[in-house]
Structure formats: C-alpha cells, structure tokens
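So you can see what is in the structure, the chains are spelled out below.
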Amino acid sequence: MRLQLTEDQKERVGDLLKAMTLKEKIGQMNQVSPSIVGGFDVPFEELIEMMTDGRISHEKFEEIMKTAKQDFHEDQIRDGKVGSLMVQDAKEVNRLQKIAVEESRLGIPLIFGLDVIHGFRTVYPIAIAEAGSFDPDLMEKTAAMAARESRSAGVAWHFAPMLDIARDARWGRVSEGPGLDPYLASVFARAKVRGLQNDRSSTEHYVAACLKHYIGYGACESGRDYNTVSMAMHLFYNTYLRPFAAAVEEGAATVMASFNDLNGVPCTVNPFTLRTILKDSLGFPGFVVSDANAVRECVIHGIAKDEIDAGIQAVNAGLDMDMGTGIYSGHLAQALADGKISEETIDEAVRRILSVKMWLGLFDHPYVSSECARRYDTLPEDHLALARRAAEESIVLLKNEGSLLPLARDQKISLVGTLAASREEIIGAWAMSWRKEDCVSIREGMEQEFPNLRYFPCGGPEGEICKADVDQAASYGDVLVAVLGETDAMSGEASSRGDITLPGKQRDLLQMLLKTGKPVVLILMNGRPLVLDWEDAHLPAIVEGWHLGVQMGPAIARVLSGAVMPQGKLSADFPAAVGQCPIYYNHPNTGRPGSRSKFTSRYLDIPFKPLYPFGFGLTYTSFAYSKLEISEGEKQLQIRAEVRNTGDRRGTETALLFMQDVTASLVRPVRELKGFRKITLDPGESRTISFRLPKKELGFYDNDGHLRLEDGAFRFFVGGSSEADLSEEAEITF
Ligand code: BGC
C-alpha cells in the first residue's frame, strides 16, 4: 500500500512546513540515540573493546550496560532539534513524546525507530532461515506480529526488512537477509512490507518499514563487513536493486542508505543511487535515513574534507535524516547560509519525514495507551504458535542416510552440545526485546518430545571438550544428537569470519562421538552457510536449524520425531570449501564452464560446485518431477510440470522454476529463479503444477538500466533445487 496521505493530511504537512523555523526543520532531520554518559569505571569505547577482545564476556557487557547512565536529550527535544530517537519502552517513549508534543513550539511528534529484524518480543527465525520456508504468507504474518508488538512499546519504525543479496557466507550479515536470490528476496521484501505496513485498522497495528541497506552492502569485497563494493551496472539493476524496487513498489515508507561505497561513491552521499534511481526512477515517496554514524564516516572514506562537507554532500545527494552524528543539526544552517545547499532541498527532506509521521498517525495518536502497553505482558498463544510454525518451516534437512530420521519417540537419546541447553543462543543476531522466559531451548523441546533423552554438555563453539561427558553420552544413548554451530555473536554486524567451518573444537567433538560407533545426528545452529564438507562425508544425518527464535526447541524436536515433516530449503548455496566464496548458483556463464577437464573454470584443489545448492532440502519422503511443458501466449508463458510423491509419507515440497536466457546481448546467469509453488502430496499422489510467467519477466536490464526483451531461445527447469535436471527449451518472441 503506497504511502498516501489524504488531502487534509497533505495540507497539515504543508502548513507545518510554513510555520517551521530553519532550526526546527533541521531538527526533524536529526536522529539521536540515548547517549551513554557514564555509570561505569572505564570510557564506553574501552568497554566495547574489552568485550571485543574477550576481557569481559558479552553477558558481563550487557550487565554493565544496564547500569549505564543515559542522556535522552530532553532539552534538544524541547527545543525542536530532534526528529527521531531509538528507544523501546512505552513509558520512556511516552515521557519523551510528551516533551516533543506538549513542550516544543510546534508539537511535532518524534518517531521512535529500532532494529526489529526478526521479531520484537516473539523472536522468529533469522531472515536467511525464514526465506527458506518459501512461504510469503508466513513472512507477512511474522512481520505483522512484530509490528503490533513493537508498537505496544512505542516503536513505530522498524529498521527492516534487510534486503541485501549476499553471495559470500563469510559476511556475518548474511543472517539478516533473505539469501542470495533476487526473485526470492523480492517475494520476501514485498511480504515483509505488507506485514509491517498494511494493517491500518488501528495505529497500534502498523509501523513504517525501512529497507536496508541501500545498496550493494552484501557485495562487500571478500565478505569483510563495511568493505568496498564494485559492481557492473547490469548486476546492480538485475540483482541488487530488485528486492528494493519490489519493496518500494509495495509501498515501503523509508529506506536506509548503506555504509559501503558503490563503485567509489559511498551510498550515504550517492546522488545516483538516492536521487536518480530511488527517488526519481522508482518514485520512492518516503524518506531516507543514513546508517549509524555514516555521514561522519564519509570523511574517513576520504570523500569529504570535513564534517560540514560530508553533511552538504549527503543532503544534496538526497539523504533526508542523519542517524547519530549530529552533523545535520550542527552544520546545515551554515551550509545554507553559505549557499552550499538550498532551502528547497531541506524542505523536501522535511516534507518526506513529516509525511511518514502523518501516515503513521503519530500526530493524532502520539502516545502508547496503557492498555496497548500492557497487551503483550504475557505472550499470546497465537504469537508463540506462529513463531513455532515459522521455525518448523525454516528447518532444512541436509542429509538423512538410511532414513536414520525421524527418531522413534521412545528411543534412548544422548543430547550433546552446550548450544542445546541454551535459551539465549537460539535467538540469533539482532534481537533486542526478547525475554529469556519466552524461550524454549532445544534440550527443553526435546525433553518434551522424547521421554528417554538425557543431556550431556560435552562442548560447544567455544571452550574445551569434556571427555567424561562424551563417555557418558556414548554409554547411554542408542543415538547421539549433537547440537553444534555458531553462537549468535558469530554472525550479524561486524561478525565476518574467514574460516566458516564449525568453530572451535566442534569437529573434534564430532570425531569423538563417531568413534563410539553410535549413529550421530548433527543439528546445526548457525547464522550463515557453513562449510560442512567433512561433516557431510562422515555423518549419517544433518539438520540445518539456523537460529530459529523463541520456539526453536519444540520445532527441532517435532521435526526430529517426524511429528512435523521438514520442508525448508536453502536460500543460499553452501560452499564445499571456504575458497569457493563467493558462490551462487545464478552465476553468469563462462566460455569454459567448470568440468573435470583442466582448462575450465575450476580449482585444482577443491570442487567448483557447492556442497548443497540453493533450493536444496530433503524431507522424510521424496518427490519426482516429469512432463515439463511450455506454452506461449501473447503476454505470458505457462509452464507446467508434474510432481509426484514417490515416498511413503505425506509431505510438502516447494517446486522451483528456473530459466536460462540461452543467447542474449549480455552474458546471462546459467539459471535464474522465476517462481515457486508449495504443494502437499500424499504417498503416490501426483499433481500438475502450473506457473504463469509474464513475458516481461524474461527480460533483463542492460548496463544503462534499460529493460531488454530479446527474442530467442530460453530454457526452463523445474525441480526441487537449483540443480534440477528436468528442462525444456522454447523460442520466445516479444
Ligand atoms: C546497522 C544498521 C542498524 C543501525 C541502527 C547499524 O550499525 O548497520 O543495520 O539499523 O546500526 O541500529
């Protein structure tokens, strides 16, 4: 739903703009966070370093932060110098809002924003996992739930969805986004915007989405966070821009500019991406906020000579709100007096910001009512049920040799791994409002499902292996279930890893478990595609569990018992070796595609194919595809195929449609996802699935951003993963 104001609302925004002083206008463009002003013995920066270098633990850091003294900038708010704040507590929000509404000259409400990436109080799976559910209805519902919960804490603006296409699993932030495919990411983007924004039956039900990080952040060189980004323009238009364009079309209210430079120009000060593409070409009507401190960082990038210069470049490029540096509020008045920026530019930014506030209903309903603030004191059953469904649908079965899974409920199971007993680690990166009492650990979930289960910690991603535990685990269980992977701090922002195999001594632990001769099931808890070559070669069963949120425990347990059939698929390729990164199924063709032969696009020492490709995911039954047919209409194609459940259990399959533009004026990907269908089939049942593909979807953008629809041969593939082998070719004319 487009950000649309009524005539009356537009008039109110216009009247306000006329009444505002320059200082008040610039104030709206200023976002602040409560500043830490002390309350502990060392400076704040030192404290962060202490946590980073391990002198204090994460938990200790959090504990210290609770006692920190904070400045909420009340005087500035009263003075009309603040437009937005990052706070997440109804009482605090109401207190600060009251100052803005009742004590500032024009009474313009603040907009409170926060990183609500995968749930507010009810944390659901990280985005890379949820995308693998291939279920847009689910993606929309989880977003709508997060919107309602956060609004009850006064947060009317989510810094989400994160839409960065990410092909390099070393980058820690792959966890926050929908994977590497532009089509799937666009479906995800639209669903999230609908979920966050579309229930406008009450101002307590919707929030403003913020698409981030615009743009190219996920293509940071070598997967190192904040690193430089260079990309050909056809890649920009066809891949990285697509989810953003889809979300803008769906009506997203705000956008966050990314930290990185794109082909030499930081996105914070990039007139091409912000003005030409986003505002002019896509017609984005909302406002753009910088990423944290990014305006100041343009000086460090070496693109601005000082802070004033950075502010001038950012405003002129179309960046409407400054997150956290105070550069706009400190310098824009002078820049205007010097003729470096125009009043129209400022007015345009402020009009956009006020319009979003108006659209959110903040002018008429600035406060959180006490009834609303209490609404989620106890989490409603339906929220927990949705979180569990999301977790269950996101689990990916990677290997199941000899049908080791599902496990019988009365089996003697030794559950192993410190992650299994943790209520914290199931949450994943970027979740701030969850409560420990809402979380169900894997151990707790498994104990409910399997009465003969015993738990032995043995070891985890950090620390040593406890040999005595391993011995006990081995002597008790008929099967050993090991929960291993990454802590939640090992993915997310500033968490790139150069080695993406299982961290610490976990492979050694697996080796010890295998030596016992008992069957070993590996349950993974992690925030990125990992390199699992050794695990795949040695273990009979592997389940990708990601960080699934508050209901991870029951979800894993129910999939292991077969109460729920696994149905998730991978939203990104899993490399067979770190040296393959970046790896993505939809790569352009080379003149010498990789093969066993020497002079082809391959490595001497590692495979060139991923270990598990995009779309891969097993279940406790199997599916076969046949009878692919293509028929061409004037405006669209119809592609049909038959899917048959060839196993002996009822199961759900996501059928994927891929396309290859066989000959084109630019080298095109070997395959591109163009659609998917989720179907549930009884044993032996077959069904014909049908995809309608508008011919426009066969086109691509050239390096100048022009859509090209070129007659010629197209090959279509239908199957369960990006390695589907059922295919047909057709000559298409436009
Ligand atoms: C992150 C953003 C986030 C912002 C505000 C930055 O460090 O890159 O994703 O929205 O902080 O918390």
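For the structure, see preceding data.
It should be emphasised that the depicted structure is a prediction, and the values quoted were computed from it without experimental measurement.

J.: Just checking my understanding: could you explain the overall build of the protein chain for this structure?
T.: Helices and strands together make up the secondary structure of the protein chain, namely 23 helices and 27 strands. On C-alpha atoms alone, the protein chain measures out to a radius of gyration of 26 Å, which is about the 27 Å that the 2.2 N^0.38 rule sets for 734 residues. C-alpha atoms of the protein chain, sized along the principal axes, occupy 75 × 65 × 50 Å. A fraction of 77% describes how many contacts in the protein chain between residues 6 or more apart in sequence connect residues 24 or more apart.

J.: Before we go on, may I ask you to explain helix α13 (residues 294–301) in this structure?
T.: Of all the positions in α13, only A294, V295 and C298 are classed as buried. Looking straight down α13, one finds its buried side chains confined to an arc of 110 degrees; they lie on one side. Contact partners of the buried residues in α13: β10 (265–266), α14 (307–317), β12 (322–323) and α15 (327–337). Positive phi shows up at G302, right after α13, with a value of about 85 degrees.

J.: Any chance you could explain the packing of helix α9 (residues 182–197) against helix α11 (residues 242–250) here in plain terms?
T.: Relative placement of two packed helices is described by the angle separating their axes and the distance separating the axes. At a closest axis distance of 8 Å, the pairing of α9 and α11 adopts a crossing angle of 30 degrees. When the interaxial angle is binned, α9 and α11 end up roughly parallel. As α9 packs across α11, the resulting crossing turns out to be right-handed. For the pair formed by α9 and α11, the contact residues are P182, Y183, A185, S186, A189, R190, V193 and R194 on the first element and R242, P243, A246, A247, E249 and E250 on the second.

J.: What is the right way to look at the packing of aromatic side chains in this model?
T.: What characterises a pair of aromatic rings is the spacing of the ring centres plus the angle enclosed by the ring planes. Per the stated rule, a full pass over the model turns up 21 aromatic pairs. A cation over a ring is seen here: R95 above F72, with NZ or CZ 5.5 Å from the ring centre. Geometry around W430 places K212 over its ring, the cationic atom sitting 5.5 Å from the centre.

J.: What is the right way to look at a nonpolar patch on the surface in this model?
T.: Side chains of Y701, L707, L709 and F734 sit close together on the surface and give an oily, nonpolar patch of about 320 Å² of accessible area. A relative accessible area of 37% places L707 in the partly exposed class.

Cut-offs and rules
Residues numbered from 1 in each chain as written. Predicted model: local features only at pLDDT ≥ 70, side-chain atom pairs only at ≥ 80, totals over all residues. Heavy atoms only, no water. Helix = DSSP H or I, 4+ residues; strand = E, 2+ residues; numbered from the N terminus. Rg over C-alpha atoms; globule rule 2.2 N^0.38 Å. Contact = heavy atoms within 4.5 Å. Buried < 20%, exposed > 50% of the residue type's maximum accessible area, 1.4 Å probe, protein only. Arc of directions from axis to C-beta. Axes fitted to C-alpha atoms, helices over the stretch in contact; angles between N-to-C directions. Parallel < 35°, antiparallel > 145°, perpendicular 65-115°, else oblique. Left-handed = near helix turned anticlockwise from the far one by under 90°. Phe/Tyr/Trp six-rings, centres within 6.5 Å; stacked < 30°, edge-to-face > 60°. Lys NZ or Arg CZ within 6 Å of the ring centre and 35° of its normal. Patch = residues over 30% accessible without salt bridge, like charges linked within 9 Å, V, L, I, M, F, W, Y side chains within 5 Å. Areas by Shrake-Rupley, 256 points an atom, 1.4 Å probe, with all protein chains shown as cover. Salt bridge = Lys/Arg side-chain N within 4 Å of Asp/Glu carboxyl O.

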